[in-house]
Amino acid sequence: MRIDIISVVPNLLESPFQHSILKRAFEKDLLEVHVVDLRAFGLGRNHQVDDYQYGGGAGMVMMIEPLYNALEHLRKERSYDEVIYMTPDGERFNQQIANKLSLIENLIIICGHYKGIDDRIRQHCVTMEISIGDYVLSGGELAAAVLVDAVGRLIPGVLNDETSALLDSFQDGLLAPPVYTRPADFQGWKVPDILLSGHEAKINQWRDKEALKRTRKRRPDLLDE
Ligand code: 6GU
């Protein structure tokens, strides 16, 4: 999978993908992330990328030409399956969307700033609009990093048996059950006996029950769906 991220602050996206599971995705050639500096497509001597909004009002709007030219620059090289605009008024991101996106070949992500982007880009070029939750970030970059992380680890071949996504929270519509490691007794705080029993079927039964219990307590909304 190839992901191109269009941003006015490319520096923000330098380090998040250089660790852990995503690093492995890069090393296995399963994922490439390229950050496109929108400024390089800015207008005039100052490489302008934003302007006052028509109709008046506070706050700048990201101009259409730099964004369009950046998109064309990318689309000239290859075709893209989706052009995603990260925006707080987009569709709320979740594991199901991550699963779907993980099967895609080429993806463009546009990070907004200021008051957002000229709406004509949304109408004519963007194919999906995604929000990562009901709060406002100062730009789309951190949201894009969240999306790339969630999607990247799901790309077939990135995770191995040990890190398998099958038992992640949300993957089966439930939260994950509690986990423990050594020691079995820390100052009297004990690991549940069943996990030490070696009885696989019973352990799985216990995990299912705990996942359900945890979901009912913390996220009953997931059980309604
Ligand atoms: Cl995708 N962008 C911004 N700026 N704020 C957000 C968001 C995205 N998702 C939640 N808040």
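Before reading further, recall that the structure is shown in the block above.
Owing to the predicted nature of the structure, the values given are computational and were not obtained by experimental measurement. (Residues numbered from 1 in each chain as written. Predicted model: local features only at pLDDT ≥ 70, side-chain atom pairs only at ≥ 80, totals over all residues. Heavy atoms only, no water.)

Some words on a nonpolar patch on the surface
What counts here: Only residues whose relative accessible area exceeds 30% and that form no salt bridge enter a patch; like-charged residues are grouped when within 9 Å of one another, and nonpolar side chains (Val, Leu, Ile, Met, Phe, Trp, Tyr) when within 5 Å. Accessible surface area values rest on a Shrake-Rupley calculation with a 1.4 Å probe, where residue burial reflects the displayed protein chains alone. The term salt bridge refers to a side-chain nitrogen of Lys or Arg lying within 4 Å of a carboxyl oxygen of Asp or Glu. By definition, any uninterrupted DSSP run of H or I lasting at least four residues is a helix, any uninterrupted run of E lasting at least two residues is a strand, and each is numbered from the N terminus.
A grouping of Val-9, Leu-12, Tyr-135, Leu-137 and Leu-142 is seen on the molecular surface, where their side chains present a nonpolar patch of about 420 Å² in accessible area. Residue placement: Tyr-135 occurs in the loop between strand 7 (128-131) and helix 5 (141-152).

Describing the site of the ligand
What counts, and what does not: A single heavy atom is enough: if one lies within 4 Å of a molecule or strand, its residue is considered near that molecule or strand. Pairs of N or O atoms within 3.5 Å make up the polar contacts considered here, provided that, within protein, one atom can donate a hydrogen while the other can accept it, and that residues adjacent in sequence are counted only when both atoms are side-chain atoms.
Lining the immediate surroundings of the ligand are Met-86, Thr-87, Pro-88, Ile-130, Ser-131, Ile-132, Gly-133, Tyr-135, Leu-137, Gly-139 and Ala-143. Within the contact set of the ligand, a nitrogen atom lies 2.5 Å away from a backbone nitrogen or oxygen of Tyr-135. Here a nitrogen atom of the ligand sits 3.0 Å away from a polar atom, N or O, in the main chain of Leu-137. Contact with the protein chains hides 96% of the accessible area of the ligand, taken as 280 Å² for the molecule alone. If you list the elements that add at least two residues to the shell around the ligand, you get strand 5 (82-92) and strand 7. Ranked by the residues each element gives to the shell around the ligand, the list is headed by strand 5, at three residues.

Notes on the nonpolar core
Test applied: The nonpolar core is taken to be a set of buried Ala, Val, Leu, Ile, Met, Phe, Trp, Tyr and Cys residues, with the residues joined through side-chain atoms within 4.5 Å. Only protein chains enter the accessibility calculation, which uses a 1.4 Å probe; a residue whose area is less than 20% of its type maximum is buried, one above 50% is exposed, and one in between is partly exposed.
In terms of nonpolar packing, the biggest core is built from 34 residues, with Ile-3, Ile-5, Phe-93, Leu-101, Ile-130 and Leu-147 touching the most fellow members. Of all the secondary structure elements, the ones that give two or more residues to this core are strand 1 (2-7), helix 1 (20-27), strand 5, helix 3 (95-101), strand 6 (106-111), strand 7 and helix 5. The dominant element in this core, judged by the number of residues it contributes, is helix 5, at seven residues. With 20 residues, the next largest nonpolar core counts Ile-6, Val-49, Tyr-85 and Ile-121 among its residues.

Some words on the pattern of salt bridges
Under the definition given, this model contains eleven salt bridges. Ionic pairing is found between Asp-134 and Arg-92, a salt bridge with its closest N-O pair at 3.2 Å. Placement of the pair is Asp-134 in the loop between strand 7 and helix 5 and Arg-92 in strand 5, with a sequence separation of 42 residues. As far as the burial class goes, Asp-134 and Arg-92 line up, both exposed. A salt bridge links Lys-190 to Asp-185; the shortest N-O distance between them is 3.8 Å. When its relative accessible area of 38% is taken as the criterion, Asp-185 is described as partly exposed. Connected through shared salt-bridge partners, Arg-2, Asp-4 and Glu-32 make up one network.

A look at the side chain of His-113
When you line up the elements, His-113 lands in the loop between strand 6 and helix 4 (119-124). We classify His-113 as buried; its relative accessible area is 13%.

Things to note about helix 2 (residues 64-75)
It helps to recall that an α-helix has 3.6 residues per turn; residues three or four apart then point in one direction. Inclusion rule: Multiplying one less than the number of residues by 1.5 Å gives the expected span of a helix. Throughout, the arc means the angular range of directions from the helix axis out to the C-beta atoms. The contact criterion used is simple: two residues touch if any of their non-hydrogen atoms lie within 4.5 Å.
Under the 1.5 Å per step criterion, the end-to-end length of helix 2 is 16 Å for twelve residues, consistent within 8% with the ideal 16 Å. Buried within helix 2 are the following residues: Pro-66, Leu-67, Ala-70, Leu-71 and Leu-74. Seen along its axis, helix 2 keeps its buried residues to an arc of 130°; they face one direction. At its buried positions, helix 2 is contacted by strand 1, strand 2 (32-37), strand 4 (60-62), strand 5, strand 6 and helix 4.

Regarding the environment of Tyr-80
If you trace the backbone, Tyr-80 turns up in the loop between helix 2 and strand 5. Along the chain, Tyr-80 and Gly-59 lie 21 residues apart, while their C-alpha atoms are 31 Å from each other. What Tyr-80 contacts, discounting residues up to four positions off in sequence, is Arg-2, Asp-4, Leu-74, Arg-75, Asn-106, Leu-107 and Ile-108. Within polar-contact distance, the side chain of Tyr-80 engages the side chain of Arg-78 at 2.6 Å.

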